[in-house]
Amino acid sequence: MKTNNNILFVCLGNICRSPMAEAMMRTYLSDYKQLKDIAVDSAGLQQFHAGDAPDPRTMEVLRRNQISTSHQARVISANDFSHFKYIFTMDNNIHNEVLRRKPSDSICEVKLFRDFDPKPADHQVADPYYGTITDFENCFSILERCCLSFIEFLKTQ
Ligand code: 4NP
């Protein structure tokens, strides 16, 4: 039944880390004909920002890297656990909460996205929300490494 490689990124508010990762992954996958049918989306755990565009600092860092997005924040739902093969979480708290919400019959793979980082200093993508644009740039660099590393993994599948 699960023949897709669809990818969902999850953070807390769905305005900083996960929409950045979503836009990056979609852009990078578009370079590979054999990977172009993969659906990529993002969601948050909390609904404070539901319906909002990504944080202006996420938009700025994406713009500087010629990556566009039209994402609007949303909360993860039960359907996500059947639609997506991979659910990538940004930090340990999010990871544990996603696992708690995962239906018992779901076969999706919930993974800390930073497990794909070839240079892991930490297993988490730190929340940049209370930080500066530099924190968002650092977030971009981490996500870039993880996206490219995951794409290399997908190409071997
Ligand atoms: P995100 O960052 O989880 O990467 O989208 C946050 C965004 C908003 C809040 C916290 C983290 N907030 O507390 O509103």
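See the structure shown above.
Residues numbered from 1 in each chain as written. Predicted model: local features only at pLDDT ≥ 70, side-chain atom pairs only at ≥ 80, totals over all residues. Heavy atoms only, no water.

(A) The overall build of the protein, seen in detail. Helices and strands together make up the secondary structure of the protein, namely 5 helices and 4 strands. Going residue by residue from the N terminus, the α and β elements of the protein occur as β-α-β-α-α-β-α-β-α. For the protein, the C-alpha radius of gyration of 14 Å lies close to 15 Å, the compact-globule estimate for 157 residues. Counting all 157 residues of the protein, 46% fall into the buried class. For the protein, the exposed area adds up to about 8,100 Å²; of that, 48% sits on carbon and sulfur atoms. (Helix = DSSP H or I, 4+ residues; strand = E, 2+ residues; numbered from the N terminus. Rg over C-alpha atoms; globule rule 2.2 N^0.38 Å. Buried < 20%, exposed > 50% of the residue type's maximum accessible area, 1.4 Å probe, protein only. Areas by Shrake-Rupley, 256 points an atom, 1.4 Å probe, with all protein chains shown as cover.)

(B) Molecular detail of the site of the ligand. Taken together, Cys11, Leu12, Gly13, Asn14, Ile15, Cys16, Arg17, Phe48, His49, Asp127, Tyr129 and Tyr130 make up the full set of residues near the ligand. Between the ligand and Gly13, the relevant distance is 2.9 Å, taken from an oxygen atom to a main-chain nitrogen or oxygen of the residue. Here an oxygen atom of the ligand sits 2.8 Å away from a polar atom, N or O, in the side chain of Arg17. Coverage of the ligand by the protein chains reaches 93% of its 350 Å² of free accessible surface. Among the residues making up the shell around the ligand, the classes are represented as 7 nonpolar, 3 polar and 2 charged. (Near = heavy atom within 4 Å. Polar contact = N/O pair within 3.5 Å; in protein donor to acceptor, adjacent residues only side chain to side chain. Nonpolar A, V, L, I, M, F, W, Y, C, P; charged D, E, K, R; others polar.)

(C) A look at the packing of helix 2 (residues 56-64) against helix 5 (residues 133-155). Running from N to C, helix 2 and helix 5 point in directions that differ by 55°, and their axes come no closer than 9 Å. Judged by the inter-axis angle, helix 2 sits oblique to helix 5. In this structure, the crossing between helix 2 and helix 5 has a hand that is right-handed. Facing Arg57, Thr58, Glu60, Val61, Leu62 and Arg64 of helix 2, the residues of helix 5 in contact are Ile133, Phe136, Glu137 and Phe140. In terms of residue class, the contact of helix 2 with helix 5 is built from 5 nonpolar, 1 polar and 4 charged. (Axes fitted to C-alpha atoms, helices over the stretch in contact; angles between N-to-C directions. Parallel < 35°, antiparallel > 145°, perpendicular 65-115°, else oblique. Left-handed = near helix turned anticlockwise from the far one by under 90°. Contact = heavy atoms within 4.5 Å.)

(D) How the structure looks around the environment of Leu45. Take Leu45: it is sitting in the loop between strand 2 (40-44) and helix 2. Distance from Leu45 to Met59, taken between C-alpha atoms, is 20 Å for residues 14 residues apart in sequence. Dropping the residues within four chain positions of it, Leu45 is found in contact with Val10, Cys11, Leu12, Val75, Ile76, Ile94, Glu97, Val98 and Arg101.

(E) Quick peek at helix 2. Turning to helix 2, its buried residues are Thr58, Val61 and Leu62. Buried residues in helix 2, looked at end-on, bunch into an arc of 100°, giving them a common side. Opposite the packed face of helix 2, turned more than 90 degrees from it, sit the exposed residues Pro56 and Arg63. In the core, the buried residues of helix 2 are packed alongside helix 1 (17-29) and helix 5. Taking the backbone nitrogen of Arg57 as reference, a side-chain oxygen 2.7 Å away marks Asp55 as the first, capping residue of helix 2. (Arc of directions from axis to C-beta.)

(F) Here's a closer look at the side chain of His49. Position of His49 relative to the elements: it lies in the loop between strand 2 and helix 2. Leaving out residues up to four positions away in the same chain, His49 has contacts with Gly13, Ile15, Ala73 and Tyr129.

(G) Focus on the packing of helix 1 against helix 5. Where helix 1 meets helix 5, the closest approach of the two axes is 9 Å, and the angle between their N-to-C directions is 45°. Taken together, the axes of helix 1 and helix 5 are oblique relative to one another. For the crossing formed where helix 1 meets helix 5, the hand is right-handed. Contacts from Arg17, Met20, Ala21, Met24, Met25, Tyr28 and Leu29 in helix 1 reach Phe136, Cys139, Phe140, Leu143, Glu144, Cys147, Leu148, Phe150, Ile151 and Leu154 in helix 5. Of the residues contributing to the contact of helix 1 with helix 5, the split by class is 15 nonpolar, no polar and 2 charged.

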